[in-house]
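# Notes for the structure review
Here's the letter readout for the chains.
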Amino acid sequence: MELIELSVAKREATGKGAARRLRADKAIPGIVYGAKKEPVKVSIDVTAFDKVIRENGTTGLFFNLDIKGDTGRSVMLKDFQMDPFSLHYMHIDFHEIDMDETVSVVVPIETEGESVGVKEGGMLQIIRRDLEVICKPKDTPESVKLDISKLDVGDGIHVADIDLGSEIEIPFDTNFTVVTIVPPESISDEEELEEDAEIGEVAEGAEAEAESEAE
């Protein structure tokens, strides 16, 4: 996984008022924390951060953080908050990492190929859109790619079936389904539903006619 270059500035002022002023100046309040150094409060340029998100998504992001007035730090995007109404960034959390130590990262699922089951009329159902992996930052995959070309109707891929190599671990307690091919709806069932609907419409019409005659 490549480190994304991002320049940020230290910030001294704290509190809601200072945070509002930062956002008014097109900056986002944030913090860099880790086990080996004291936390550092920073401000991040909205345009620069938004460009990173648009180009790379929000999962599994690692940065070479250039903190003005401090030493550079290798960090991962731990969390960020957005205003649910304006969709403006409210706060960003960066976690400092050791490039030689493993980290837990959530990465997206991607499917490859067209399954034989889909060709026969089945439908691909993706149960999990992402997976947690544990590995060193440099070994973090951009996505977990699953070949579904051999899956027939009723087949699936479970988490225990996924092998990402000896350097990447997928932690799990139960062998849950990640993707599966579900059968198509039977035509007879659809016809029965249509017949039931028609019978219901006829019954409703007869009832309405009887009420009008009674009046």
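Okay, so let's go over this structure.

The rules we used
- Residues numbered from 1 in each chain as written.
- Predicted model: local features only at pLDDT ≥ 70, side-chain atom pairs only at ≥ 80, totals over all residues.
- Heavy atoms only, no water.
- Buried < 20%, exposed > 50% of the residue type's maximum accessible area, 1.4 Å probe, protein only.
- Helix = DSSP H or I, 4+ residues; strand = E, 2+ residues; numbered from the N terminus.
- Arc of directions from axis to C-beta.
- Contact = heavy atoms within 4.5 Å.
- Polar contact = N/O pair within 3.5 Å; in protein donor to acceptor, adjacent residues only side chain to side chain.
- Pairing = 2+ DSSP bridges.
- Axes fitted to C-alpha atoms, helices over the stretch in contact; angles between N-to-C directions.
- Core = buried A, V, L, I, M, F, W, Y, C linked by side-chain atoms within 4.5 Å.

### Some points on helix α2 (residues 46-56)
Among the residues of α2, F49, V52 and I53 are the ones counted as buried. When α2 is viewed along its axis, its buried side chains cluster within an angular range of 95° and face the same direction. Away from its buried face, by an angle of more than 90 degrees, α2 presents the exposed residues T47, R54 and E55. Packing partners of the buried residues in α2 comprise β1 (4-10), β2 (27-33), β3 (40-45), β4 (62-68), β5 (73-82) and β6 (89-96). Capping of α2 at its N-terminal end is provided by D45; its side-chain oxygen lies 3.2 Å from the backbone amide nitrogen of T47. Just downstream of α2 lies G57, where phi reads positive at about 80°.

### Here we look at the sheet that holds strand β9 (residues 130-135)
Taken in spatial order, the three strands of this open sheet run β9-β7-β10, and their pairing is mixed. Both edges of this open sheet fall to β9 and β10 (144-147), since each of them pairs with a single strand only. Sheet twist, expressed as the average angle between the axes of neighbouring strands with direction ignored, equals 40°. Relative to β9, strand β7 (residues 103-112) runs antiparallel, the two being bridged by six bridges. Note on β9: the bridge partner recorded for V105 is V133.

### Regarding the environment of T180
As for its position among the elements, T180 is in strand β12 (residues 177-182). Counting along the chain gives 58 residues from T180 to G122, while the straight-line C-alpha distance between them is 9.9 Å. Once residues within four sequence positions are removed from consideration, T180 is found in contact with M123, L124, Q125, I127, G154, D155 and G156. Reaching out from T180, the side chain makes a polar contact with the backbone oxygen of D155 at a distance of 2.9 Å.

### Notes on the nonpolar core
Ranked by internal contacts, the top residues of the largest apolar core, which has 22 residues, are L146 and I162. Mapped onto this core, the elements with two or more residues apiece are β7, β9, β10 and β12. Here this core gets four residues from one element, more than from any other, and that element is β7. With 20 residues, the next largest nonpolar core counts I53, L65, I67 and F94 among its residues.

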